[in-house]
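Fold and contact review
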Amino acid sequence: MAVINAAPTEVSSAAHPASPRSQTPRRRSVWKRNAGLTFALPALVWFLVFTIGPLFSLFYFSMTNWRGLIAPRTFVGLDNFTKLFADPVLHQAALNTLIQLVITVPIVVCGAFMTAYYVNLRPRGHRFIRAVLFTPVLLSAPALALVFLGVFAPTGLVNGFLDTIGLGHIAKPWLANGDSAFIAIIIVILWASVSVSAVMLASAMNSLPTEVFEAAELDGCGHWRRMWLIAFPMAKGFVGVITTLQFLWTLFTSAAVVLLLTRGGPGTSTINLSFLVYDYAFNKSKVGYAQAIAVILFVLGVLGLIGIRRLFRSKP
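The present account deals with the structure reproduced in this document.

Each value, and the rule that gives it
Residues numbered from 1 in each chain as written. Predicted model: local features only at pLDDT ≥ 70, side-chain atom pairs only at ≥ 80, totals over all residues. Heavy atoms only, no water. Helix = DSSP H or I, 4+ residues; strand = E, 2+ residues; numbered from the N terminus. Areas by Shrake-Rupley, 256 points an atom, 1.4 Å probe, with all protein chains shown as cover. Contact = heavy atoms within 4.5 Å. Buried < 20%, exposed > 50% of the residue type's maximum accessible area, 1.4 Å probe, protein only. Core = buried A, V, L, I, M, F, W, Y, C linked by side-chain atoms within 4.5 Å. Salt bridge = Lys/Arg side-chain N within 4 Å of Asp/Glu carboxyl O.

**Some details on the overall build of the protein**
If you tally the helices and strands in the protein, you get 15 helices and 2 strands. Accessible area of the protein: about 19400 Å², with a carbon and sulfur share of 69%.

Here's what the structure looks like:
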């Protein structure tokens, strides 16, 4: 009887294989594991094509002798970099860029932080102050340049003000003199950067707990100590973000200010590295040489980002 009963069991198991439904959980687990990669694939392709691709192209073209889009190019290896380090114009541009960074980044960060702290005290008319601070964002680069061309013109706002207060003897064509033109460039960068950074910092500082400041005020802590000993450490992470943005803006995109106000002159007094890339590529038709300068800019940007990250890294 045991044998007779075993046979139908084997037959039935052979005649009725495992249902596809029993394999469904396994298929679902595989789909869940691969779903994230599937949805991220378009973004990954976009990143590879439009970010990594141009980056490789930058390094490749920096080692070519190429005069323009339809001109033939020849591979020259590291010759462009050898010429760069012997180029006095590059030395002047690097010095001007360093001075701009050393002056503008600390002033912008400190000025923006103090302005943001004051705005978050909610003084009378603080909403109007926020709106005024956001005004530079509404001005395009050409409009901003036109404003400051009028400010620094020989008969412009600065010289008119000096005449009014009896200092007309120091009036000068500010953008036509090397030293004063460089100072004017820095002033424009500061004016365009401090206010916008202050608005961004003020928005971030809105989330800081007010109880801490109230307790510090009860303990007799003044505004200066509350600002730098309490508010700054609490907002240190976002201050690092503002510092990074200002560093990158000054290093890479300040060329627009130089181009529209002085075109690097008089002589090479206001030229910087980002403008030099534009000048060699579009005015002198030395695209490969300009790309070599862009590689130097890229390396400086990476080193600067690493330094800023270490400076504002939170201690455990």
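Back to the write-up after that little detour.
**So, the environment of F85**
Looking at where F85 falls in the secondary structure, it is placed in the loop between α3 (79-84) and α4 (88-120). Each residue touching F85, except ones within four places of it in the same chain, is listed here: L90 and H91.

**Overview of the side chain of S195**
The residue S195 is located in helix α9 (residues 178-205) in this model. On the basis of relative accessible area, S195 is assigned to the buried category, the value being 9%. Those residues in contact with S195 that lie beyond four places of it in its chain are L133 and P136.

**Things to note about the nonpolar core**
Burial of nonpolar side chains together is a common tendency in soluble globular proteins. L84, F113, F152, M205, L261 and I293 are the most contacted members of the largest nonpolar core, which has 65 residues in total. In contact with M205, other than residues within four places in its own chain, are F113, A116, Y117, N120, A231 and A235.

**A word on the pattern of salt bridges**
Scanning the model with the defined rule gives 2 salt bridges in all. A salt bridge links E217 to R226; the nearest nitrogen and oxygen atoms lie 3.8 Å apart. Residue E217 is classed as partly exposed on the basis of its relative accessible area of 48%. Given the relative accessible area of 7%, R226 is considered buried. A salt bridge links D279 to K284; the shortest N-O distance between them is 3.6 Å.

**With respect to unusual backbone geometry**
Of note, the bond from G265 into P266 is cis; its omega dihedral lies within 30 degrees of zero at -5 degrees. Along the polypeptide, P266 turns up in the loop between α13 (255-261) and α14 (273-283). Even without glycine at this site, R122 takes up a positive phi of about 55 degrees. Counting through the fold element by element, R122 comes out in the loop between α4 and α5 (126-133). Taking the relative accessible area as the measure of exposure, R122 reaches 54% and is therefore exposed. At S285, a position not held by glycine, the phi torsion is positive, near 55 degrees.

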